[in-house]
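These are the residues of each chain, in order.
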Amino acid sequence: EVQLVESGGGLVQAGGSLRLSCAASGFTSDYAIGWFRQAPGKEREGVSAIRTGDGRTYYADSVKGRFTISGDNAKNTVYLQMNSLKPEDTAVYLCAAMTDRAIGFRSTTYYLGGPLRYPYWGQGTQVTVSS
């Protein structure tokens, strides 16, 4: 019933930009969307997250100042704008979702350090940054 549909991945040169989209359906309440990435031989890394209820955003230190997460609640879509891309950003990017009423404090670690909290996942989209 809950589905996440991703788009926007591709090949880009170092220093370039891409915008990823994650369209969510099937939710009847507020939720959180997280972006994660998985590169071969590396641990899965939480990149960014946003809460639809209050718009609060979270970023990994490695992407602060380069990536921006945003949401369009009317379209149930979350975007990840990626600028100044580096070869080390190359990975499969996945969006994930969980119900989240956005009540009270939650840490960055809560949203980016605990992928098992997210029961719903998209199919993943490849981002390749050439040098």
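Just so you know, these numbers come straight off a predicted model, no measurement behind them.

Conventions used here
Residues numbered from 1 in each chain as written. Predicted model: local features only at pLDDT ≥ 70, side-chain atom pairs only at ≥ 80, totals over all residues. Heavy atoms only, no water. Salt bridge = Lys/Arg side-chain N within 4 Å of Asp/Glu carboxyl O. Helix = DSSP H or I, 4+ residues; strand = E, 2+ residues; numbered from the N terminus. Buried < 20%, exposed > 50% of the residue type's maximum accessible area, 1.4 Å probe, protein only. Phe/Tyr/Trp six-rings, centres within 6.5 Å; stacked < 30°, edge-to-face > 60°. Lys NZ or Arg CZ within 6 Å of the ring centre and 35° of its normal. Disulfide = S-S within 2.5 Å. Pairing = 2+ DSSP bridges. Axes fitted to C-alpha atoms, helices over the stretch in contact; angles between N-to-C directions. Polar contact = N/O pair within 3.5 Å; in protein donor to acceptor, adjacent residues only side chain to side chain.

A. Highlighting the pattern of salt bridges. Within this structure, the stated rule accounts for 6 salt bridges. Its salt-bridge partner being arginine 37, residue aspartate 89 comes within 2.9 Å of it at the nearest N-O pair. Pair noted here: aspartate 89 is in the loop between strand 8 (77-82) and strand 9 (91-99) and arginine 37 is in strand 4 (residues 31-38), with a separation of 52 residues, a long-range link. Considered together, aspartate 89 and arginine 37 belong to a single accessibility category, that of buried residues. Across the pair aspartate 54 and arginine 51 runs a salt bridge, and its minimum N-O distance is 2.6 Å. Take arginine 51: its relative accessible area is 2%, and that puts it in the buried class. Each of Arg37, Glu45, Arg66 and Asp89 takes part in a single network of salt bridges with overlapping partners.

B. Structural view of the packing of aromatic side chains. Counted by the stated rule, this structure contains 7 aromatic pairs. Aromatic pair tyrosine 118 and tryptophan 121: ring centres 6.3 Å apart, planes at 65°, arrangement edge-to-face. Feature note: the residues Phe27, Tyr31 and Tyr120 constitute an aromatic cluster, connected by ring pairs. In this structure, arginine 106 is placed above the aromatic ring of tyrosine 110, and the distance from its NZ or CZ to the ring centre is 5.2 Å.

C. How the structure looks around the state of the cysteines. Tallied over the full model, the rule gives 1 disulfide. A sulfur-sulfur distance of 2.2 Å marks the disulfide that ties cysteine 22 to cysteine 95. Taking the sign of the S-S torsion, 65° for the link of cysteine 22 and cysteine 95, the bridge is right-handed. Residue cysteine 22 is located in strand 3 (residues 18-25), and its partner cysteine 95 is located in strand 9; the two are separated by 73 residues in the primary sequence. Side by side, cysteine 22 and cysteine 95 carry an identical accessibility label, which is buried.

D. How the structure looks around the sheet that holds strand 8. Ordered in space as 1-3-8-7, the 4 strands form an open sheet in which the pairing is antiparallel. This sheet does not close on itself; its edge strands, each paired only once, are strand 1 (3-7) and strand 7 (67-72). Taken over all neighbouring pairs, the strand axes of this sheet differ in orientation by 15° on average, direction set aside. Where strand 3 and strand 8 come together, 6 bridges link them in antiparallel fashion. Within strand 8, the residue paired with alanine 23 across the bridge is threonine 77.

E. Inspection of the pairing of strand 7 at higher detail. The pairing of strand 7 with strand 8 spans 6 bridges and is antiparallel. Within the sheet, the bridge partner assigned to threonine 68 lies in strand 8 and is glutamine 81. Turn length for the strand 7-strand 8 hairpin, with the two strands adjacent in sequence and antiparallel, is 4 residues, and the turn residue asparagine 76 shows positive phi of about 50°.

F. Expanded view of the side chain of arginine 66. With respect to the helices and strands, arginine 66 occurs in the loop between strand 6 (57-59) and strand 7. By relative accessible area, arginine 66 is classed as buried at 11%. Looking at arginine 66, its side chain comes within polar contact range of the main-chain oxygen of serine 62, at 3.0 Å. A polar contact is formed between the side chain of arginine 66 and the backbone oxygen of serine 84, at a distance of 3.0 Å.

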